[in-house]
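Residue-level structure breakdown
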Amino acid sequence: MSNPIDVKRLVDGFVAQWNEPDPAARSALVRRLWAPDGVHVLVDPPQEMREAAASLAFPVPPLEVRGHDALDARVTRAYDMFIASGDHVFEAAGDPSVLSPDVVALRWTMLSTRTRETVGGGLDVLSLDGEGRIRTDHQFIDAS
């Protein structure tokens, strides 16, 4: 990377994109944070998807979206599923780990807005391009 990354700004923006209620602001965050050909990979899909794949004799594939439009759709769908009702919020869980100059690992939680109890979480490993934008995100969902 040509410039050292501002890890706090990256992590704050990354978490904010999942919580952002305004579609235009959410899209702007995606375009600011992600490389144009950025890839988000859900490494271990939910059990229902694994079972459906197995019933068709397919190995369990990771799920992947690529590019700003697909990333925007993915972030919007997660917002609609988990945040829009007002019942939950995503937050960073602890400090991120800088694994190398262009790789950051971030633990996150999904909290109940009513009780502040953790109801989900995971780990994202972000690989950055030369401008500090997310090139790849491998997301691992914690088992509940």
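See above for the structure.
We now turn to the structure provided with this report. (Residues numbered from 1 in each chain as written. Predicted model: local features only at pLDDT ≥ 70, side-chain atom pairs only at ≥ 80, totals over all residues. Heavy atoms only, no water.)

1. A word on the overall build of the chain
Our working rule: Per the convention used, a helix needs a DSSP run of H or I reaching at least four residues, while a strand needs a run of E reaching at least two, with both numbered from the N terminus. Atoms counted for the radius of gyration: C-alpha only. Globule rule: 2.2 Å times residue count to the power 0.38. When accessible area is computed with a 1.4 Å probe and restricted to protein chains, residues below 20% of their type maximum are described as buried, those above 50% as exposed, and intermediate ones as partly exposed. Note on definitions: a residue-residue contact is assigned when non-hydrogen atoms from the two residues lie within 4.5 Å. Only the protein chains shown count as cover for residues, and the accessible areas themselves come from Shrake-Rupley with a 1.4 Å probe. A residue counts as positive if it is Lys or Arg and as negative if it is Asp or Glu; His and the chain ends are not included. Taken as the charge centre is NZ of Lys, CZ of Arg, CG of Asp or CD of Glu, depending on the residue.
When helices and strands are tallied, the chain shows 4 helices and 7 strands. Moving toward the C terminus, one meets the helices and strands of the chain in the order α-α-β-α-β-α-β-β-β-β-β. Relative to the compact-globule value of 15 Å for 144 residues, the chain shows a C-alpha radius of gyration of 15 Å, a close match. When the 144 residues of the chain are sorted by exposure, 36% land in the buried category. Of all intrachain contacts in the chain linking residues separated by at least 6 positions in sequence, the fraction that spans at least 24 positions is 52%. If you sum the accessible surface of the chain, you get close to 8,000 Å²; carbon and sulfur atoms cover 56% of it. Where the 14 positive side-chain charges of the chain centre and where its 22 negative ones centre are 2 Å apart.

2. Thoughts on the pattern of salt bridges
Applied cut-off: When a carboxyl oxygen of Asp or Glu is within 4 Å of a side-chain nitrogen of Lys or Arg, the pair counts as a salt bridge.
As enumerated under the stated definition, the model contains 7 salt bridges in all. The partner of Asp69 in a salt bridge is Arg31, and the shortest N-O contact between them spans 2.8 Å. Pair noted here: Asp69 is in helix α4 (residues 68–83) and Arg31 is in helix α2 (residues 23–33), with a separation of 38 residues, a long-range link. For Asp69, a relative accessible area of 59% translates into the label exposed. With its nearest N and O atoms 2.7 Å apart, the salt bridge here joins Arg116 to Glu91. Pair noted here: Arg116 is in the loop between β5 (103–112) and β6 (118–128) and Glu91 is in strand β3 (residues 88–92), with a separation of 25 residues, a long-range link. Using a relative accessible area of 47% as the deciding quantity, one classes Arg116 as partly exposed. A cluster of three or more residues bridged by salt bridges with shared partners is formed by Asp129, Glu131 and Arg133.

3. Observations concerning helix α1 (residues 7–19)
The cut-off we apply is this: Helix span, as expected, comes to 1.5 Å for every residue beyond the first.
Between its terminal C-alpha atoms α1 stretches 19 Å, which fits the 18 Å expected from 13 residues at 1.5 Å a residue. Within α1 the residues assigned to the buried category are Val7, Leu10, Val11, Gly13, Phe14, Val15, Gln17, Trp18 and Asn19.

4. Points about the side chain of Asp129
Rules: Identification of polar contacts relies on pairs of N or O atoms within 3.5 Å, with a donor-acceptor requirement for protein atoms, meaning one able to donate a hydrogen and the other able to accept it, and with residues adjacent in sequence counted only if both atoms are side-chain atoms.
Note that Asp129 resides in the loop between β6 and β7 (134–141). One polar contact links the side chain of Asp129 to the main-chain amide nitrogen of Glu131, over a distance of 2.9 Å.

5. So, the packing of α1 against α4
The condition is simple: All axes here are fitted lines through C-alpha atoms, helices being fitted over the stretch that makes contact, and every angle between N-to-C directions spans 0 to 180 degrees. Polar here means any residue outside two lists: the nonpolar Ala, Val, Leu, Ile, Met, Phe, Trp, Tyr, Cys and Pro, and the charged Asp, Glu, Lys and Arg; Gly therefore counts as polar.
At a closest axis distance of 7 Å, the pairing of α1 and α4 adopts a crossing angle of 65 degrees. From α1, Gln17, Trp18 and Asn19 reach across to α4, where they touch Arg74, Val75, Ala78, Tyr79 and Ile83. Residues that form the contact of α1 with α4 fall into these classes: 5 nonpolar, 2 polar and 1 charged.

6. A short note on the environment of Asn19
Its location among the elements puts Asn19 in helix α1. On the basis of relative accessibility, which here comes to 17%, the residue Asn19 falls in the buried class. As for Asn19 and Val89, which are separated by 70 residues in sequence, their C-alpha atoms are 6.5 Å apart. Contact partners of Asn19, with chain neighbours within four places excluded, come to Tyr79, Ile83, Val89 and Phe90. Polar contacts involving the side chain of Asn19 include one to the main-chain carbonyl oxygen of Val15, which spans 3.4 Å.

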